[in-house]
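Analysis of the macromolecular model
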Amino acid sequence: MVGLFWIDRDGCWLGAPAGAEGTGMRLTDEGLTPVGTPAAGALSWTGMERVTVPDAPARSGFRRGLRTAIDVATSMAGFGGPDSGHRMTVSVTHTGGRSEYAVLSAAAPAYTEREVELSHRLLARFVAGELRPSVLTDWWASADSRPGPKPPEREAVLERLLALPARP
């Protein structure tokens, strides 16, 4: 996971991959593909004006640490464990209006505020046609499938991707 993106050998997702919930948003170089949404077809980047995740759970490092400590303490006391994935909304503004799709967050308990901001900037570059989502899968392949990076490393990856020149 890097920012709002889940990347693995099967591709790239906005939020968590479609799992037991059955809903998700796959990113491809051609556009977005909602999964588990009735009558939702693929959305081409060329028909989009903006993609955001306005309700992505974002917290400062201190608040994320506090939330994790509370989750561990309540779990150990027998009061349950951490919440399952936080629901997020992918909002797509396109030539025909606006559409919203439910996805799950891949971050537990939350993304950093900077990760969300950088992820939105990267999405804007995808919409503008300056970059393709394959930059994320290329990074993942070059990272040698190691376990997920920590927040500062994830932010650094997003910053490096944002610094890439626009594709021809």
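Residues numbered from 1 in each chain as written. Predicted model: local features only at pLDDT ≥ 70, side-chain atom pairs only at ≥ 80, totals over all residues. Heavy atoms only, no water.

Moving on to the packing of helix α2 (residues 113-127) against helix α4 (residues 151-162). α4 packs onto α2 with a crossing angle of 25 degrees between their chain directions and a minimal axis gap of 10 Å. One way to sum up the angle between α2 and α4 is to call them roughly parallel. Both α2 and α4 take part in a crossing whose hand is left-handed. In this structure, α2 contributes Arg114, Glu115, Leu118, Ser119, Arg121, Leu122 and Arg125 to the contact, and α4 contributes Arg154, Glu155, Leu158, Glu159, Leu161 and Leu162. Of the residues that constitute the contact of α2 with α4, the class distribution is 5 nonpolar, 1 polar and 7 charged. (Axes fitted to C-alpha atoms, helices over the stretch in contact; angles between N-to-C directions. Helix = DSSP H or I, 4+ residues; strand = E, 2+ residues; numbered from the N terminus. Parallel < 35°, antiparallel > 145°, perpendicular 65-115°, else oblique. Left-handed = near helix turned anticlockwise from the far one by under 90°. Contact = heavy atoms within 4.5 Å. Nonpolar A, V, L, I, M, F, W, Y, C, P; charged D, E, K, R; others polar.)

This brings us to the sheet that holds strand β8 (residues 87-94). Spatial ordering of the open sheet is given by β6-β8-β9, a layout of 3 strands whose pairing is antiparallel. Each of the sheet's edge strands pairs with one partner strand only, and the pair in question is β6 (48-52) and β9 (97-104). Adjacent strand axes in the sheet meet at a mean angle of 20 degrees, parallel and antiparallel pairs treated alike. Pairing of β8 with β9 involves 8 bridges; the strand directions are antiparallel. Paired with Thr93 across the bridge in β9 is Arg98. (Pairing = 2+ DSSP bridges.)

The subject of this paragraph is the pattern of salt bridges. A complete count under the given rule lists 6 salt bridges for this structure. When the shortest N-O distance is used, the salt bridge between Arg114 and Glu117 registers 2.5 Å. Placement of the pair is Arg114 and Glu117 together in helix α2, with a separation of 3 residues, close to one helical turn. Classification of Glu117 as partly exposed rests on a relative accessible area of 34%. Across the pair Glu159 and Arg114 runs a salt bridge whose closest N-O atoms are separated by 3.0 Å. Of this pair, Glu159 sits in helix α4 while Arg114 is found in helix α2, placing the two residues 45 residues apart along the sequence. For Arg114, a relative accessible area of 32% gives the class partly exposed. One salt-bridge network, in which partners are shared between bridges, spans Arg114, Glu117, Arg121 and Glu159. (Salt bridge = Lys/Arg side-chain N within 4 Å of Asp/Glu carboxyl O. Buried < 20%, exposed > 50% of the residue type's maximum accessible area, 1.4 Å probe, protein only.)

Before going further, it helps to spend a moment on the sheet that holds strand β2 (residues 11-14). The 5 strands lie next to each other as β1-β2-β3-β4-β5, forming an open sheet whose pairing is antiparallel. Each edge of the sheet is formed by a strand with only one pairing partner; in this case those strands are β1 (5-8) and β5 (43-44). α2 contacts β1, β2 and β3 (24-27) of the sheet and is inclined by roughly 70 degrees relative to β1.

Time to look at the side chain of Ser105. Examined against the element boundaries, Ser105 turns out to sit in the loop between β9 and β10 (111-112). Judged by its relative accessible area of 6%, Ser105 falls in the buried class. Looking at Ser105, its side chain comes within polar contact range of the main-chain nitrogen of Ala107, at 3.0 Å. (Polar contact = N/O pair within 3.5 Å; in protein donor to acceptor, adjacent residues only side chain to side chain.)

When pLDDT is averaged along the protein chain, the result is 84, and 81% of the positions lie at 70 or above. Across residues 61-77, confidence stays below pLDDT 50; counting only partners more than four residues off in sequence or on other chains, it has 14 contacts. (pLDDT = per-residue confidence, 0-100.)

Next up on the list: helix α3 (residues 134-142). Regarding α3, the residues found buried are Val135, Leu136 and Trp139. Angularly, the buried residues of α3 cover 105 degrees about the axis, an arc narrow enough to put them on a single face. Away from its buried face, by an angle of more than 90 degrees, α3 presents the exposed residues Asp138 and Ala141. On its buried face, α3 sits against β1, β2, α2 and α4. Asp144 sits one or two residues past α3 and shows a positive phi near 65 degrees. (Arc of directions from axis to C-beta.)

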